Amino acid sequence: MDQLNRLRKVTLQAQMENELPDELAARLFVIADRVDLDPALAAEIDTLIALVAEYDTFAQTGYMGMGVDHVVLTNVLDRLDARLDRN
């Protein structure tokens with residue numbers, strides 16, 4: 001699935017360029033390696049791809065508090081994991 005390849009790619013890029021924590025990367029790779037992913041989750045995977053692409057270790061700090069940090073990404077992964085466990 002091309003979508004899962006994109007998830008792998010943005011995860012690797014976020015690890016190399018934006019210090020994505022290994023723990024989060026491992027969770028993302030588990031999802032990306034699923035061959036039985038329900039097509040109904042396509043929108044959630046697209047959202048996840050966009051969030052990982054915008055990951056910033058220092059997001060949510062400073063005056064504006066913008067960006068995607070580990071807390072935002074963890075929350076999305078927790079919700080997606082719960083949906084995957086139900087399927």
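Structure's up top.
Everything quoted here is computed from the prediction, not taken from an experiment.

Observations regarding the side chain of Q3
1) Next: With respect to the helices, strands and loops of the structure, Q3 is situated in helix α1 (residues 2-18).
2) Next: Looking at Q3, the relative accessible area reads 9%, which means it is buried.
3) Next: When neighbours within four sequence positions are excluded, Q3 is seen to be in contact with A42, I45, D46 and I49.

Some thoughts on unusual backbone geometry
1) Next: Phi at E19 is positive, roughly 60 degrees, even though this residue is not glycine.
2) Next: Within the fold, E19 resides in the loop between α1 and α2 (22-32).
3) Next: Residue E19 is classed as exposed on the basis of its relative accessible area, which comes to 55%.

Regarding the environment of E44
1) Next: Tracing the sequence through the fold places E44 in helix α3 (residues 42-53).
2) Next: With residues near it in sequence (within four places) discarded, E44 still touches L80 and R83.

Procedures and definitions
- Residues numbered from 1 in each chain as written.
- Predicted model: local features only at pLDDT ≥ 70, side-chain atom pairs only at ≥ 80, totals over all residues.
- Heavy atoms only, no water.
- Helix = DSSP H or I, 4+ residues; strand = E, 2+ residues; numbered from the N terminus.
- Buried < 20%, exposed > 50% of the residue type's maximum accessible area, 1.4 Å probe, protein only.
- Contact = heavy atoms within 4.5 Å.

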